Amino acid sequence: MLTITNLSAGYGKAVVINQLNLEVKEGEMMSIIGPNGAGKTTLLRCINGLVPANSGDITFEGKSIKKLPTHKIARLGITHCPEGRRPFPEMSVYENLKMGGLQLNNDQFNERLEYVYSLFPILKERKSQYAGTMSGGQQQMVAIGRALMTSPKLLILDEPSIGLAPIVVDEIFEQIKIIKESGVTILLVEQNVDVALKVTDKIAVMDNGQISFIGNPAELVKDASLREIYLGIG
Amino acid sequence: MVADIIVFGAIWTAIYSMIALGFSLIFGVAKIMNLSHGAFFMFACYAAYYLSSSGLGLFWVALGAIVITIILAIVSYLGIIKPMRNSLTQVLILTFAFAMFLEQIIVITFGPEPRYVPSMLEGGMSILGVRVTHQQVLAFVITIVLILFLWWLLSRTNMGRIIRAVSQDREMASMLGINAEKIFIFVMGLSAAFAAVAGLLVAPFLTVTPAMGWSPILAAFTIVVLGGLGNVWGTLIGAFIVAYAEMITSYAFNPQLKEAVTFTIMILALMYRPNGLFSKGVSDA
């Protein structure tokens, strides 16, 4: 579904992504882990057209999206739920969800809204509250809910667990699992390896702008050196 | 005298609100500090003067002047502002220069002498014992209606929600499929339309001159400093303060001091409340 070949990108002279290759298949959940500064967020921003690619290619459903502007990439069905959640703070929960569902007609919108409310009932209860006044976990639900309103084919989640209490992280990953099982392809970037391993189909390790390991969770656990670095067990 | 201040203060609060809202809106959404906003106001007055002297009816004069001003604003946005948009300072200098350029074009075309635009409504009436023309009442009523329209647009329609989303987080909005560039063009047009309507409404009771745009832009600038840039309610309160300060100065002291008072308010606001009257305190952000 998403194919990245020999991708290089960076900011000015700093190369952040270096000849990277990655494929995400339809219906699968891919998680990228790796140390800070490995280029994970840059890779996601590159997929979304927010950071220009210097060389290589990114294709989505067989079509190159490398040169498309961000809003057109989004309309193809790639929705990015970025780091820091970024709800529209001075808009209500409902209005935030509305901003996700702009391409839908009324019936589709209402159906989608019910679906999001069923995943995150708190959003229905708080639909008139300004998103900026909510807790971190609730803002994350707004952000994921808003992304789901677009009916994405590929959902990109950047560090959904960051800054949240463990119990809230579990709750959110519970829903991510349900979303995955409903057939949405997911590309996740996550520092919290334990929680990612529990739901993901495939895991990729990113280091210095490249993918250094790719496999399923069991293979990662088997690899002694990776196990030590990412799971902290020798 | 007190009645005069109350009545004309209210009329100018409405007109200043309208001019300042357009100025504030394009800043809030696109971070464009448009110093040619006052020149759009002036331009619409000349467009109305030109169209009415060619014998068109009132409706066509108004519509024509508004449309021409919107086109001018969008062309200036695409041609000169957009390439520089990432630098606030460059936009500031550029739009200032563009305002001067427009003024010169008008001087060359129509000459420096004052022009008069006929009133849309003849006659007058008395409010609280103060003589006001029907044109002034019309200006007040239409501005109030358009301010309510803007409030409705921003808070109750999808277009308004999109405008707010872009102003709060442009990048996030584009990640949801919103074309921010289109929204900037729309808001630029809307902002210019507000300046144009304000111009059309007040032109009959002001003298139309090539430099007439500077006084309202000064007022608008002061108003948004008071109200906080991009803040609709703050803008209305800022307009109220500036309009009444000017009217009190005009009626109780000397009309010549009007703009000096506006400047004084601006300087005091920048010194003590640089983020607006309603900010939570002074910060250097």
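Here we summarise the structure given alongside this text. (Residues numbered from 1 in each chain as written. Chains lettered and ligands numbered in written order. Predicted model: local features only at pLDDT ≥ 70, side-chain atom pairs only at ≥ 80, totals over all residues. Heavy atoms only, no water.)

Every contact between the two is made by 23 residues of chain A and, on the other side, 17 residues of chain B. Both sides together, the interface formed by chain A and chain B hides about 1900 Å², and carbon and sulfur atoms give 60% of it. The interface formed by chain A and chain B includes 5 salt bridges. A:R45 is the salt-bridge partner of B:E171, the closest N and O atoms lying 2.8 Å from each other. At the junction of chain A with chain B, the criterion picks out 8 residue pairs in polar contact (both at pLDDT 80 or more). Mapped onto the side of chain A that touches chain B, the elements with two or more residues apiece are helix 2 (70-75), strand 6 (78-81) and helix 3 (93-100) of chain A. Classifying every residue of the side of chain A that touches chain B by side-chain character gives 8 nonpolar, 8 polar and 7 charged. (Contact = heavy atoms within 4.5 Å. Buried area = accessible area lost by both parts, 1.4 Å probe. Salt bridge = Lys/Arg side-chain N within 4 Å of Asp/Glu carboxyl O. Polar contact = N/O pair within 3.5 Å; in protein donor to acceptor, adjacent residues only side chain to side chain. Helix = DSSP H or I, 4+ residues; strand = E, 2+ residues; numbered from the N terminus. Nonpolar A, V, L, I, M, F, W, Y, C, P; charged D, E, K, R; others polar.)

Our focus in this paragraph is the layout of surface pockets. All names here are of chain B. Its volume calculated, the second largest pocket comes out at about 440 Å³. In terms of lining residues, the second largest pocket is bounded by 20 residues, among which W12, Y16, L206, S215 and K258 are the most central. Of all the elements in the fold, those that place two or more residues in the lining of the second largest pocket are helix 1 (2-30), helix 9 (214-227), helix 10 (232-253) and helix 11 (258-272). With 5 residues, helix 1 is the single largest residue contributor to the lining of the second largest pocket. (1 Å grid on protein atoms, 1.4 Å probe; cavity = no way out; pocket = protein on both sides within 12 Å on 5 of 7 lines; lining within 4 Å. Points joined across faces, edges and corners; volume = space filled by probe spheres on them.)

For the structure on display, the rule yields 13 aromatic pairs over all chains. Taken together, a centroid distance of 5.4 Å and an interplanar angle of 55° make the contact between B:F96 and B:W214 tilted. Taken as a pair, B:F96 in helix 4 (residues 88-110) and B:W214 in helix 9 lie far apart in primary sequence, 118 residues in all. For the pair B:F240 and B:Y244, a centre-to-centre distance of 4.8 Å together with 45° between the ring planes defines the contact as tilted. Note that B:F240 and B:Y244 are positioned in helix 10 at a spacing of 4 residues, about one turn of the helix. A relative accessible area of 44% means that B:F240 is categorised as partly exposed. By the ring-pair criterion, three or more aromatic residues cluster together here, those being B:Y46, B:Y49, B:Y50 and B:F110. If you follow A:K98 out to its NZ or CZ, it ends over the ring of A:F109, 4.4 Å from the centre. (Phe/Tyr/Trp six-rings, centres within 6.5 Å; stacked < 30°, edge-to-face > 60°. Buried < 20%, exposed > 50% of the residue type's maximum accessible area, 1.4 Å probe, protein only. Lys NZ or Arg CZ within 6 Å of the ring centre and 35° of its normal.)

What follows deals with a positive patch on the surface. A cluster of basic side chains, namely A:K63, A:K72, A:R75 and B:K182, defines a positive patch on the protein surface. Positionally, A:K63 belongs in strand 5 (residues 63-64). (Patch = residues over 30% accessible without salt bridge, like charges linked within 9 Å, V, L, I, M, F, W, Y side chains within 5 Å. Areas by Shrake-Rupley, 256 points an atom, 1.4 Å probe, with all protein chains shown as cover. Lys, Arg positive; Asp, Glu negative; His and termini not counted. Charge placed at Lys NZ, Arg CZ, Asp CG, Glu CD.)

Here the structure, examined in full by the defined rule, presents 10 salt bridges over all chains. Across the salt bridge formed by B:R115 and B:E113, the nearest N and O atoms sit 2.9 Å from each other. Its relative accessible area of 39% is what places B:E113 among the partly exposed residues. Via salt bridges that share partners, A:R45, A:R86, B:D169 and B:E171 belong to a single interconnected network.

Examined against the element boundaries, B:T235 turns out to sit in helix 10. Discounting chain neighbours no more than four positions away, the residues touching B:T235 are B:S17, B:A20, B:L21, B:S24, B:I223 and B:G227.

Moving on, we get to the environment of B:G123. Residues and elements named next belong to chain B. Position of G123 relative to the elements: it lies in the loop between helix 4 and strand 1 (124-127). Separated by 12 residues in sequence, G123 and Q135 have C-alpha atoms that sit 8.0 Å apart. Contact partners of G123, with chain neighbours within four places excluded, come to T133 and H134.

In short, geometric facts, not functional conclusions.
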